[in-house]
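Structural overview for review
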Amino acid sequence: MASTTDGSTGADGTNPGVSAQSYVHALTPILAAVTEQADGPIRAAADLVTASLRANGVIQAFGSGHSEALAMEIAGRAGGLIATNRIALRDLVLLGGEPPELLRDGELERNPSYSRKLYELSAARPGDLFVIASNSGVNGSIVELATVVKEKGHPLIAITSLQHTSGVDSRHPSGKKLIDFADVVLDNHAPYGDSVLELPDGGKVCAVSSITAALIAQMLVAEVLRRFTEAGETPPVYLSANIPGGDDHNHALEAQYAGRIRRTA
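The structure contained in this document is the topic of the report that follows.

Assigned secondary structure in the protein chain consists of nine helices and seven strands. The C-alpha radius of gyration computed for the protein chain amounts to 20 Å, which stays within 12% of the reference 18 Å derived for 265 residues, consistent with globular compactness. For the C-alpha atoms alone, the extent of the protein chain along its principal axes is close to 65 × 45 × 35 Å. Residue burial in the protein chain is summarised as follows: out of 265 residues, 48% are buried. Residue pairs in contact within the protein chain that sit at least 24 positions apart in sequence constitute 73% of those at least 6 positions apart. Accessible surface, the protein chain as shown: approximately 12,300 Å² in total, 53% of it carbon and sulfur. Separation of charge centres in the protein chain, based on 21 positive and 30 negative side chains, amounts to 7 Å.

Structure follows, in structure tokens:
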């Protein structure tokens, strides 16, 4: 039998097709590869984050397109760090006075023209650290922001697919990619094109980068908090806003970073 209805591999080893089970089979070794970074790049990244937080810095997180999910995983998440700020392309309209029509441009993330303004809107200070996520690592807004971040002297952690970024050309005028600016690179291990399941008539579906980036984000937070707890320090972290006392706890800690962190919709 070539394949089974639950998506498991058939007796002859052929592709089982597209199913929930086949996606899990494809995803499992990718997640395992991501976790292998726990004792290397994740620790190096956690050292940078911890140093920034101890110096009263804020972790500035940015991702365009679906990589914005990574910024949301870093900033303002229950169980995560208080001193975090999410940068988004819509900040240009919400905070920067650009016309709403700007956000109708489906290729805005490829445009490097607005990244310096995004940096200014972040209200970043010298001790802040940036985490930038991009599966391809080549779009103009991503590379330009990374350029500014390093010009300003900030540490930079990049989350990207090394397989994908090595297989495509930069869309930035400099010809550089996100990884060219990073102090630490965390590989999300997404394959070229992101998707993992083959359709019978060609093409692939079911992407993985959002899942692996979320795993990386939580591994990074866990490693940062380990450093605080082992040093006997109480880390400033969020409680869920949906439990009693959560709002009061969170607002009191957020007040320490007034004007530096935003929690927009």
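There is more to say, and it comes next.
If you look at the biggest cluster of nonpolar residues, it comprises 36 residues, and the most contacted ones within it are Val-49, Leu-53, Leu-70, Ile-159, Leu-186 and Val-224. Listing elements by their share of this core, those giving two or more residues are helix H2 (41-54), strand E1 (59-63), helix H3 (68-74), strand E3 (129-133), strand E4 (156-160), strand E5 (184-187) and helix H8 (209-230). Sort the elements by how many residues they give to this core and H8 lands first, with nine residues. Counting 22 residues, the second-largest nonpolar core is a separate cluster that includes Ile-87, Leu-92, Ala-124 and Leu-178.

Attention now moves to the pairing of E4. Most of E4 sits inside the fold, with five of its five residues counted as buried. Burial of the side chains of E4 extends over both faces: Leu-156, Ala-158 and Thr-160 are buried on one face and Ile-157 and Ile-159 on the other. In this region the chain leaves E3, passes through helix H6 (residues 140-151) and returns to the parallel neighbour E4; the handedness of that crossover is right-handed. By the bridge criterion, four bridges tie E4 to E5 in an arrangement that is parallel. Bridge pairing links Ile-159 to Leu-186 in E5.

We now examine the packing of aromatic side chains. One pass over the structure, following the stated rule, counts one aromatic pair. An angle of 20° between the planes, with centres 5.8 Å apart, marks the rings of Tyr-119 and Phe-130 as stacked. Here Tyr-119 is found in helix H5 (residues 115-121), whereas its partner Phe-130 is found in strand E3, with 11 residues between them in sequence. Lying across the ring of Phe-228, Arg-54 places its NZ or CZ 5.1 Å from the centre.

Another point: the packing of H2 against H8. Contact pair H2 / H8: the axes reach a minimum separation of 9 Å and the direction vectors enclose 60°. Regarding the angle of H2 to H8, the classification is oblique. As H2 packs across H8, the resulting crossing turns out to be right-handed. Side by side, H2 and H8 meet where Ile-42, Arg-43, Ala-45, Ala-46, Asp-47, Val-49, Thr-50, Leu-53 and Arg-54 of the first sit next to Ile-216, Met-219, Leu-220, Glu-223, Val-224, Arg-226, Arg-227 and Phe-228 of the second. Its residues assigned to classes, the contact of H2 with H8 comprises 10 nonpolar, one polar and six charged.

The set of residues buried in helix H9 (residues 246-254) consists of Gly-246, Asn-250, Leu-253 and Glu-254. Buried residues of H9, seen end-on, are gathered within an arc of 100° and therefore sit on one face of the element.

One pass over the structure, following the stated rule, counts 18 salt bridges. Across the pair Glu-107 and Arg-110 runs a salt bridge whose closest N-O atoms are separated by 3.6 Å. Judged by relative accessible area, which is 46%, Glu-107 ranks as partly exposed. Within the structure, one salt-bridge network assembled from shared partners comprises Asp-39, Arg-43, Asp-47, Glu-223, Arg-226, Arg-227 and Glu-230.

Thresholds, definitions, all that
Residues numbered from 1 in each chain as written. Predicted model: local features only at pLDDT ≥ 70, side-chain atom pairs only at ≥ 80, totals over all residues. Heavy atoms only, no water. Helix = DSSP H or I, 4+ residues; strand = E, 2+ residues; numbered from the N terminus. Rg over C-alpha atoms; globule rule 2.2 N^0.38 Å. Buried < 20%, exposed > 50% of the residue type's maximum accessible area, 1.4 Å probe, protein only. Contact = heavy atoms within 4.5 Å. Areas by Shrake-Rupley, 256 points an atom, 1.4 Å probe, with all protein chains shown as cover. Lys, Arg positive; Asp, Glu negative; His and termini not counted. Charge placed at Lys NZ, Arg CZ, Asp CG, Glu CD. Core = buried A, V, L, I, M, F, W, Y, C linked by side-chain atoms within 4.5 Å. Right-handed = clockwise from strand over helix to strand, strands pointing away. Pairing = 2+ DSSP bridges. Phe/Tyr/Trp six-rings, centres within 6.5 Å; stacked < 30°, edge-to-face > 60°. Lys NZ or Arg CZ within 6 Å of the ring centre and 35° of its normal. Axes fitted to C-alpha atoms, helices over the stretch in contact; angles between N-to-C directions. Parallel < 35°, antiparallel > 145°, perpendicular 65-115°, else oblique. Left-handed = near helix turned anticlockwise from the far one by under 90°. Nonpolar A, V, L, I, M, F, W, Y, C, P; charged D, E, K, R; others polar. Arc of directions from axis to C-beta. Salt bridge = Lys/Arg side-chain N within 4 Å of Asp/Glu carboxyl O.

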